[in-house]
Amino acid sequence: VHWSGAAVRKLLSIIWKAMKLVFIVFFLSAFLLAFYDLPIPVSLAIWAFERVAPVNLVLHLDSLSVGFHKGLRVSGLRLFDSSRQDPLKPVVQVSVLEVHPLSRVLRIDGASFLRLSDSYYGPENHSKNERVECELPEIPRFTLELVRSNILGIKPERVIADVESTHNRVSFSRIHLDWPDQDVRIGVD
């Protein structure tokens, strides 16, 4: 097969235009993903949760999305326990949970954990103070930021701490608390 100079130029022109189009689409997609969140089906997250969680726990999410700017973002998280006396009241409730994997920050806004399990409040547990043994995944150090949380009735405006997990221990360091209507910041380094 003999190619003429005009045919080669035409073929190279088509290849060049196709490459430019691919790069334009790629960079436009990356640019849009940097400013907009890509929604993820909530059913996918619930399916994954059901595979690893005990059967008495039920997860509900309002929305789930991912993007470069906000990382993984979960809105309207509610965790129910069907074995409780009031199974329709959420055990844990979070307005917004954001995971920023590049900066290693977990930001939780509007967390509410108001009560321990019902068995804790029984008369047989008043004298118990046993150590809880469990197997934890190894998680490198990350920053945890709680904003406007209510954990067992304690309501700081903001809590920032570095957290690290080994197979049987969770370690907290550089803990700082901001209380509402107070100008004093409490910290433990």
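This text goes with the structure placed above it.
Once a new chain begins, its residue numbering starts again from 1 and follows that chain's sequence as written. Note on the predicted model: pLDDT of at least 70 is required for a residue's local features to be given, and 80 or more for side-chain atom pairs to be given and counted; whole-chain, interface and lining totals, by contrast, use all residues. For the side-chain quantities, the full set of heavy atoms in the structure was used; hydrogens and water were omitted.

## Examining the side chain of Asp162
Examined against the element boundaries, Asp162 turns out to sit in strand β10 (residues 158-165). There is a polar contact of 3.2 Å between the side chain of Asp162 and the side chain of Thr143. A distance of 2.7 Å separates the side chain of Asp162 from the side chain of Arg174, its partner in a polar contact. Sequence-distant contacts of Asp162, defined by excluding residues within four places in its chain, comprise Arg141, Phe142, Thr143, Ser171, Phe172, Ser173 and Arg174. Numbering of helices and strands runs from the N terminus; a helix is a DSSP stretch of H or I covering at least four residues, while a strand is a stretch of E covering at least two. Identification of polar contacts relies on pairs of N or O atoms within 3.5 Å, with a donor-acceptor requirement for protein atoms, meaning one able to donate a hydrogen and the other able to accept it, and with residues adjacent in sequence counted only if both atoms are side-chain atoms. Contacts were defined at the residue level, with two residues in contact if any of their heavy atoms lie within 4.5 Å.

## Some points on the nonpolar core
In terms of nonpolar packing, the biggest core is built from 19 residues, with Leu59, Ile108 and Leu144 touching the most fellow members. Among the secondary structure elements, those contributing two or more residues to this core are α2 (42-52), β4 (71-81), β5 (92-100), β6 (105-109), β8 (139-147) and β10. Sequence-distant contacts of Ile108, defined by excluding residues within four places in its chain, comprise Val94, Val96, Leu97, Leu144, Glu145, Leu146 and Val147. Residues belong to a common nonpolar core when they are buried Ala, Val, Leu, Ile, Met, Phe, Trp, Tyr or Cys residues joined through side-chain atoms within 4.5 Å. Each residue is assigned to one of three classes by its accessible area relative to the maximum for its type, calculated with a 1.4 Å probe on protein chains only: buried under 20%, partly exposed between the two thresholds, exposed over 50%.

## Some thoughts on the packing of aromatic side chains
We call Phe, Tyr and Trp rings a pair once their centres come within 6.5 Å, taking the six-membered ring for Trp, and we label the pair stacked below 30 degrees between planes, edge-to-face above 60, and tilted otherwise. One pass over the full model with this rule turns up 3 aromatic pairs. Aromatic pair Phe26 and Phe27: ring centres 5.2 Å apart, planes at 70°, arrangement edge-to-face. The class for Phe26 is exposed, based on a relative accessible area of 52%. With a centroid separation of 4.9 Å and 65° between ring planes, the pair formed by Phe31 and Phe35 is classed as edge-to-face. Here Phe31 pairs with Phe35, and both are found in helix α1 (residues 5-35), just 4 residues apart, close to one helical turn. Judged by relative accessible area, Phe35 falls into the exposed class, the value being 57%. Among the aromatic side chains, those forming a connected cluster through ring pairs are Phe23, Phe26 and Phe27.

## Describing the side chain of Ser65
Counting through the fold element by element, Ser65 comes out in strand β3 (residues 63-67). Of the residues examined, Ser65 reaches a relative accessible area of 12% and is grouped as buried. Non-local contacts of Ser65, meaning those with residues more than four positions away in its chain, are made with Asp37, Leu38, Pro39, Ile40, Gly71, Leu72 and Arg73.

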